[in-house]
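Structural overview for review
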Amino acid sequence: MNELEKIVNNKRVIVVGPSPHLESTGMGDFIDSYDIICRLNEVFPTDLEKDYGSRTDIVFWNLATNSLNGMKQMILEEKKKSEEIKLVVCPRYSKHVEPGAYHLKNINTNNDVFKNYQSLGLKNNFFHIGDDENQKLERDIGCHPTTGTLALCMLMDCDFEQLYIAGMSFYQTDRKYNLAAQKTLTNANGGVIPASCFNPRGQCPGHNIPKEVDYLRNKVANCKHTKGKNISGDYYFGKTIE
C-alpha cells in the first residue's frame, strides 16, 4: 500500500480543481463534509472558502520548474495551510520538469521533481508516482496528460468509499483559474496576470484535452459499472465525463 492509498482508502474523497466555475456556488460546506480534500496545483483558494471548502489534505503538483515561482507564492501566502497538508503528490515523470519535456523529449538530467520539491522548503510528506507507473499511464492515455487527469487516474485506482470530482471544467471556461489562484499567480508574476491564466476553451498548451477526456470517460465507466466504485461529480464533470 503506497502513501496515497494509506490516506484515501475507505474514505470519502473529493477532488477540488481550481476552475472558476465553482465561484458563487456555495459548495464549501459540501466540500468540507468529505474526509479528504484534494487540490490540483494549488495550496488553498484564499477567501473562497464558501465555494471551495476550508481545508486542503492532499495536493497534486506537477512541480515543473516554470511553476515553482507560483507555488512558492502560494506557500508564502498560505503558510499555515501549507504546513497542514497531509501529502504532496507528484504524478509526473521525475525528469518532466522543463517546457517541452513530453514523452522523454528535452530532458534536463540535472534537474527533477525531487529537487524542485526540495526547493520549496516544505517538510510535508511527499509521494512520487514512480517513473514506470507514470509512463504506463501516459502510454495508456496516449498523450502527455494534465496533472488533473493523472491525479484522477491515481485516485480511481485506490479503494476509496466515494470519489467526487468538482472544480474541473476540462478547460471549458474563459478563465483557467479561480480568482484566488489568479491573484496569487499575478503576485508571483510582478503584478501582471500571466497569459497562462487564459486559454482557448477546450485547450491547454502541451496537452491533448479531447484524448484525456475520452480516456477518463472509459476509465470512470469501467470503475463504476465493472468494479462498482462510487464516483460522481459536479455539473462540468457530469456533462463532460459521465
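Residues numbered from 1 in each chain as written. Predicted model: local features only at pLDDT ≥ 70, side-chain atom pairs only at ≥ 80, totals over all residues. Heavy atoms only, no water.

What follows concerns the pattern of salt bridges. Tallied over the entire structure, the rule returns 13 salt bridges. Among the ionic pairs, lysine 86 bridges to aspartate 57, the shortest N-O distance being 2.9 Å. Within this pair, whereas lysine 86 is found in the loop between helix 5 (79-84) and strand 4 (87-90), its partner aspartate 57 is found in the loop between helix 3 (49-52) and strand 3 (58-60), the two being separated by 29 residues in sequence. The class for lysine 86 is partly exposed, based on a relative accessible area of 41%. (Salt bridge = Lys/Arg side-chain N within 4 Å of Asp/Glu carboxyl O. Helix = DSSP H or I, 4+ residues; strand = E, 2+ residues; numbered from the N terminus. Buried < 20%, exposed > 50% of the residue type's maximum accessible area, 1.4 Å probe, protein only.)

Among the residues making up helix 7 (residues 131-141), those that are buried are Asn134, Gln135, Leu137, Glu138 and Ile141. One side of helix 7 holds all its buried residues, which, seen down the axis, span an arc of 160°. Among the exposed residues of helix 7, those pointing more than 90 degrees away from its buried face are Asp132 and Arg139. Against the buried residues of helix 7 lie helix 8 (147-156) and helix 10 (209-226). At the C-terminal side of helix 7, glycine 142 shows a positive phi close to 90°. (Arc of directions from axis to C-beta. Contact = heavy atoms within 4.5 Å.)

Another aspect to go through is the packing of helix 8 against helix 10. One can describe the packing of helix 8 onto helix 10 by two numbers: an axis separation of 11 Å at closest approach and a directional angle of 15°. If you check the angle between helix 8 and helix 10, you find them roughly parallel. As helix 8 runs across helix 10, the sense of the crossing is left-handed. Residue-level contacts link Thr149, Leu152, Cys153 and Met156 of helix 8 to Glu212, Tyr215, Leu216, Lys219, Val220 and Cys223 of helix 10. In terms of residue class, the contact of helix 8 with helix 10 is made up of 7 nonpolar, 1 polar and 2 charged. (Axes fitted to C-alpha atoms, helices over the stretch in contact; angles between N-to-C directions. Parallel < 35°, antiparallel > 145°, perpendicular 65-115°, else oblique. Left-handed = near helix turned anticlockwise from the far one by under 90°. Nonpolar A, V, L, I, M, F, W, Y, C, P; charged D, E, K, R; others polar.)

On to helix 4 (residues 68-77). For helix 4, the complete set of buried residues consists of Leu68, Gly70, Met71, Gln73, Met74 and Ile75. Where helix 4 is buried, its residues touch helix 5, helix 6 (113-119) and helix 9 (179-188).

Within soluble globular proteins, side chains that are nonpolar generally end up buried alongside one another. In terms of nonpolar packing, the biggest core is built from 40 residues, with Leu4, Val8, Val15, Ile58, Phe60, Leu163 and Ile231 touching the most fellow members. It is helix 8 that contributes the most residues to this core, 7 residues altogether. Residue contacts for leucine 4: discarding those within four places in its chain leaves Ile58, Phe60, Leu87, Val89, Phe127, Met154, Leu155 and Cys158. The next biggest cluster of nonpolar side chains, apart from the first, holds 21 residues, and it includes Phe44, Ile75, Ala181 and Leu185. (Core = buried A, V, L, I, M, F, W, Y, C linked by side-chain atoms within 4.5 Å.)

With the rule as written, the count across this model stands at 0 disulfides. Of all cysteine sulfurs, the one in cysteine 223 lies closest to cysteine 153, which takes part in no disulfide; the gap is 8.8 Å. For cysteine 153, a relative accessible area of 0% corresponds to the buried category. In this model cysteine 158 remains outside any disulfide bridge; the closest cysteine sulfur is found in cysteine 38, 9.1 Å from its own. (Disulfide = S-S within 2.5 Å.)

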